[in-house]
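Chains, contacts and geometry: an overview
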Amino acid sequence: METREEIITAVSAEGRSETRKPPRKKTKWTKESIVGLIILLIPLVGYLIFSGFPVVISFIIQFADMDRFDLGTLQWNNFANFSAVFTDGRFWHSIGITLWLLATQFVSLFIALVMAAFLSRDVKGSKIFQIIYFVPYICSTIAISVMWMWIFDGSLQADGITRGGVLNSILGTNINWLDNPDNPATLTWAIFVSIVWRAPGYGIVMYIAAFKAVNPALHEAAQLDGANGFQRFVHVTLPGIAPTTLYLAMAGVTAGMGIFGEATIMAPINWDQVAGRNDMGLTSMYYIYLEGVKSARMPTAAVMSWFMFIITFIPSFLLLRWRNKKEEAL
């Protein structure tokens, strides 16, 4: 049933009934509407210039050669950039490091879930701990990375012994964790730890809010049926906070695929543009930066960027489709 609108029923020559709506009146532009439109267009124009235009250019230059950053030198190269990227072993190595560090998001998500389960209880001091756990999340990535560099630092002295660093002082070791010739993977683990330490804060806050939104009547019903605390958490709380978990997981995957700041600080490039020993700090975003900015090879960097976008977007899209179908089935 439609409101505020008259439906006119007419009988056609063939005797069939059909409905049609009266033509809508044209909207009159007032000074207020024009000013409002201009205000709305300001951020849109800014987005198109500073975000939309670069995206279009990055898509175009994938298929061309270009002299450094000069768009006037674009020349079709018969997909040579794609061949160069997909046969580049260093690029696939960077994806491997990125997937390794992507696991930090799921570790952080689990930590956030456990900590939120404890902090969601109305106990004394829980609010203070929520603030403490959230502080690392709002701190600068650069500052946190520098702090962890001091912790994992190991300076090689003239006598050939590595000293310094908080971790070496605590463990009584002399390992250069960020540049370990015996085990270069310690650099990746150092970046891993720094991300896990920083990431759970946001998830804790989100989960605490989600816990409060779960219907208490469901917990009471489960308790009357004889379910213990763990069973209620698994069969009542977890399904109730599933939308929050899905959102945090998707946001975590996006953040994990784009890890850049921690790698650039803890694995600074040397003269050979190697991100740490054996490139163990080379994430995909880091390599795109080196390829596009440092080496001025923007076409191949554009191919890498679009490839990373695709492998990040497709799983997220399929997961959302699966969730929507599941909700429709319910």
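In case you missed it, the structure is sitting above this.
The structure contained in this document is the topic of the report that follows. Per-chain numbering applies: the sequence of each chain, read as written, is numbered from 1 onward. Per-residue local features are limited, in this predicted model, to residues with pLDDT of at least 70; the limit for side-chain atom pairs, both in listing and counting, is 80 or more; totals at the level of whole chains, interfaces and linings are taken over all residues. Hydrogens and waters are ignored; side-chain quantities use all the structure's heavy atoms.

1. Section: the pairing of strand 3 (residues 64-67)
- Relative accessible area decides the class of each residue, using a 1.4 Å probe on protein chains only: under 20% of the type maximum gives buried, over 50% gives exposed, and in between gives partly exposed. Helix and strand assignments come from DSSP, with helices taken as H or I runs of at least 4 residues and strands as E runs of at least 2, each series counted from the N terminus. Side chains A64 and M66 project from strand 3 onto a buried face, and the interleaved D65 and D67 project onto a face without burial.
- Only when DSSP finds a minimum of two bridges between them are two strands counted as paired. Bridge count for strand 3 against strand 4 (residues 70-76) is 3 bridges, and the pairing is antiparallel. Residue A64 lies in a different strand from strand 4, and its bridge partner there is W76.
- Hairpin remark: strand 3 followed by strand 4, antiparallel, with 2 residues in the connecting loop; positive phi at R68, about 55 degrees.

2. Notes on the side chain of N168
- Assignment of secondary structure puts N168 in helix 6 (residues 166-171).
- We define a polar contact as two N or O atoms separated by no more than 3.5 Å, with the added condition that, inside protein, one atom must be a possible hydrogen donor and the other a possible acceptor, whereas residues neighbouring each other in sequence contribute only through side-chain atom pairs. Of the polar contacts made by the side chain of N168, one reaches the backbone oxygen of D153; its length is 3.4 Å.
- Here the side chain of N168 touches W177 through a polar contact of 3.1 Å, side chain to side chain.
- Two residues form a contact once any of their heavy atoms are found within 4.5 Å. Ignoring any residue separated from it by four or fewer positions in sequence, one finds N168 in contact with D153, G154, T173, N174, I175 and W177.

3. What to know about the nonpolar core
- The biggest cluster of nonpolar side chains holds 36 residues, and the ones touching the most others in it are F152, I191 and M266.
- Broken down by secondary-structure element, the contributors of at least two residues to this core are helix 2 (80-86), helix 3 (89-119), helix 5 (141-152), helix 7 (185-198), helix 12 (261-266), helix 13 (284-294) and helix 14 (298-329).
- When residues in this core are grouped by element, the largest group, 7 residues, is from helix 7.
- If sequence neighbours within four positions are ignored, F152 has contacts with L167, W177, L178, A190, V193 and M266. Note on terminology: a nonpolar core comprises buried Ala, Val, Leu, Ile, Met, Phe, Trp, Tyr and Cys residues joined through side-chain atoms within 4.5 Å.

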